[in-house]
Amino acid sequence: MKRIVPLIFLMLGLLGGSAPEASRINATQPNVRFAAFDVLIDSGKTPLAAYQVKIVAASGDVTLVGIEGSDQPAFATAPYYDKHAILNKQIIIAGYSLAGSLPTGKTRVATLMVQIGSSTKPDWRISLQVAGGADGKQIPATASIVEHSGEIRP
Amino acid sequence: MTDDSENQGSDDFELPQSLRDKLKAAHESPPVPAELSAHLLASAKASYAIRLRRRRMIRWSALVGSAAAIIVLSILLLLPSHSSRQHLAQIGDVNRDGRVDILDAYVVAKAISTGAKLDPAWDVNHDGIVNQKDVDWIGAAAVNVTGNSNGASPQ
């Protein structure tokens, strides 16, 4: 018993010492912030049923940490993406909608959650690989990416 | 004593004649008839020829076997890549535009949702039915950038 008591104190001391260490690690990363970016597809007057875009973080200390669907009901489901590429600087995302009412014009189709490691603004390159209408045929459209404004859904 | 010392010093040491005769008689080989000698030589030659032929045959079969193994290996190495390229080009390219993208997934998804006739070729995961799993398979193939199969998050 006399031997166990000092051991318990020693373990408690070690545990007590490691907790402030962990919080110090987080505190010493000053410039890390999280941000959300919206992926927009503009299909003009043609209803958008499907899209596929390639997104590359051309510069900036950016790490993709998650991808969500849009607040637009037709594209509310999270898109397809390669989960092995989530920590890479480039990714392809794609989605389709079977909704009866398809969106036209500029549509927010997905939101990228990113971790930005420096104060520099990330430079995105987005290219539309394909956009499709309700008949499954390719339609003309453009893709863009903008920093999310407004509340991010949990 | 004197004879022994003389014999030890000289090179032309000779055995006694009687001993020499006995030794010769003991080791004298019987005369071999010429026919038997010829027969033995012929059979030895034949046996050697057979062994030589067998050795050559083994060497050739080893060579032929190695060549065949190399050819088979080359075919096995080249054929899957060729067929997998064909496989990738065909499987999932539902609208036959030469590539697998989200429009292929959309075509299948829409056909399933509307109850339209489903092409058995759309059973891309080969589970015997065309369903959402096939749509997800095509969607995953469309967004695959790392080469890992089934790495895509399903929609």
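Small disclaimer: the values here were computed from a predicted structure and weren't measured. (Residues numbered from 1 in each chain as written. Chains lettered and ligands numbered in written order. Predicted model: local features only at pLDDT ≥ 70, side-chain atom pairs only at ≥ 80, totals over all residues.)

### Some words on the overall build of chain A
Turning to step 1, where the next piece is worked out: Looking only at helices and strands, chain A has one helix and eight strands in total.
Turning to step 2, where the next piece is worked out: Here chain A holds 154 residues, and the buried ones make up 30% of them.
Turning to step 3, where the next piece is worked out: Within chain A, counting contacts between residues at least 6 apart in sequence, those at least 24 apart form 76% of the total. (Helix = DSSP H or I, 4+ residues; strand = E, 2+ residues; numbered from the N terminus. Buried ≥ 20, exposed ≤ 12 C-beta atoms within 10 Å, placed from the backbone. Contact = placed C-beta atoms within 7 Å.)

### Thoughts on the overall build of chain B
Turning to step 1, where the next piece is worked out: Each helix and strand in chain B was counted, giving five helices and one strand.
Turning to step 2, where the next piece is worked out: Going from the N terminus to the C terminus, chain B shows its helices and strands as α-α-α-α-α-β.
Turning to step 3, where the next piece is worked out: Split into buried and exposed, the 155 residues of chain B put 18% on the buried side.
Turning to step 4, where the next piece is worked out: Summarising the internal contacts of chain B: among those between residues at least 6 apart in sequence, 32% fall at separations of at least 24.

### Remarks on the environment of Val56 of chain A
Turning to step 1, where the next piece is worked out: Tracing the backbone shows Val56 of chain A in strand S2 (residues 50-59).
Turning to step 2, where the next piece is worked out: Setting aside residues up to four positions removed in sequence, Val56 of chain A forms contacts with Lys89, Gln90 and Arg125 of chain A.

### Re the interface of chain B and chain A
Turning to step 1, where the next piece is worked out: Residue-level contacts link 23 residues of chain B with 26 residues of chain A.
Turning to step 2, where the next piece is worked out: Secondary structure elements with two or more residues in the side of chain B that touches chain A: helix H4 (102-114), helix H5 (132-143) and strand S1 (152-153) of chain B.
Turning to step 3, where the next piece is worked out: Sort the elements by how many residues they give to the side of chain B that touches chain A and H4 of chain B lands first, with eight residues.
Turning to step 4, where the next piece is worked out: Across the side of chain B that touches chain A, the residue classes break down as twelve nonpolar, nine polar and two charged. (Nonpolar A, V, L, I, M, F, W, Y, C, P; charged D, E, K, R; others polar.)

### As for the nonpolar core
Turning to step 1, where the next piece is worked out: Counting residues in hydrophobic clusters, the biggest one holds 51 residues, and the most contacted among them are Tyr51 and Ile93 of chain A together with Ile102, Ala105, Tyr106, Ile138 and Ala142 of chain B.
Turning to step 2, where the next piece is worked out: Setting aside chain neighbours within four positions, we find Ala105 of chain B in contact with Tyr96 of chain A together with Val135, Ile138, Gly139 and Ala142 of chain B. (Core = buried A, V, L, I, M, F, W, Y, C linked by C-beta atoms within 7 Å.)

### Looking at the packing of H4 of chain B against H5 of chain B
All names here are of chain B.
Turning to step 1, where the next piece is worked out: Contact geometry for H4 and H5: axes closest at 8 Å, N-to-C directions at 170 degrees. Here H4 is positioned roughly antiparallel relative to H5, judged by the angle of their axes. Across the interface between the two elements, Ile102, Asp104, Ala105, Val108, Ala109 and Ile112 from H4 touch Gln132, Asp134, Val135, Ile138, Gly139 and Ala142 from H5. (Axes fitted to C-alpha atoms, helices over the stretch in contact; angles between N-to-C directions. Parallel < 35°, antiparallel > 145°, perpendicular 65-115°, else oblique.)

### Some words on the sheet that holds strand S6 (residues 106-116) of chain A
All names here are of chain A.
Turning to step 1, where the next piece is worked out: Strands sit in the order S3-S6-S1-S8 across an open sheet of four strands; the sheet is antiparallel. Strands with a single pairing partner mark the edges of an open sheet, and in this sheet they are strand S3 (62-69) and strand S8 (142-147). When strand polarity is set aside, the average angle formed by the axes of neighbouring strands in this sheet is 30 degrees.
Turning to step 2, where the next piece is worked out: One ladder, built from seven bridges, connects S3 with S6; its direction is antiparallel. (Pairing = 2+ DSSP bridges.)

### Examining the confidence of the model for chain A
Turning to step 1, where the next piece is worked out: Overall, the predicted model of chain A reaches an average pLDDT of 81, with 77% of residues at or above 70.
Turning to step 2, where the next piece is worked out: Taken together, the stretch residues 12-27 of chain A has pLDDT below 50 and engages in zero contacts with residues farther than four places along the chain or on a different chain. (pLDDT = per-residue confidence, 0-100.)

### Here we look at unusual backbone geometry
Residues and elements named next belong to chain B.
Turning to step 1, where the next piece is worked out: Despite not being glycine, Arg96 shows a phi value in the positive range, around 55 degrees.
Turning to step 2, where the next piece is worked out: Along the chain, the position of Arg96 falls in the loop between helix H3 (34-90) and H4.
Turning to step 3, where the next piece is worked out: Phi is positive for His126, which is not a glycine, with a value near 55 degrees.
Turning to step 4, where the next piece is worked out: Within the element layout of this structure, His126 appears in the loop between H4 and H5.
Turning to step 5, where the next piece is worked out: Judged by C-beta crowding, with 8 C-beta atoms within 10 Å, His126 ranks as exposed.

### Thoughts on the confidence of the model for chain B
All names here are of chain B.
Turning to step 1, where the next piece is worked out: Residue-level pLDDT values for chain B average 83, and 79% of them are 70 or greater.
Turning to step 2, where the next piece is worked out: Ranking the elements of chain B by mean pLDDT puts helix H1 (residues 2-9) last, at 49, and H4 first, at 96.
Turning to step 3, where the next piece is worked out: For residues 1-7, every residue scores under 50 in pLDDT, and the model assigns this stretch one contact once sequence neighbours within four places are set aside.
Turning to step 4, where the next piece is worked out: As a predicted assembly, this complex carries a pTM of 0.61 together with an ipTM value of 0.77.

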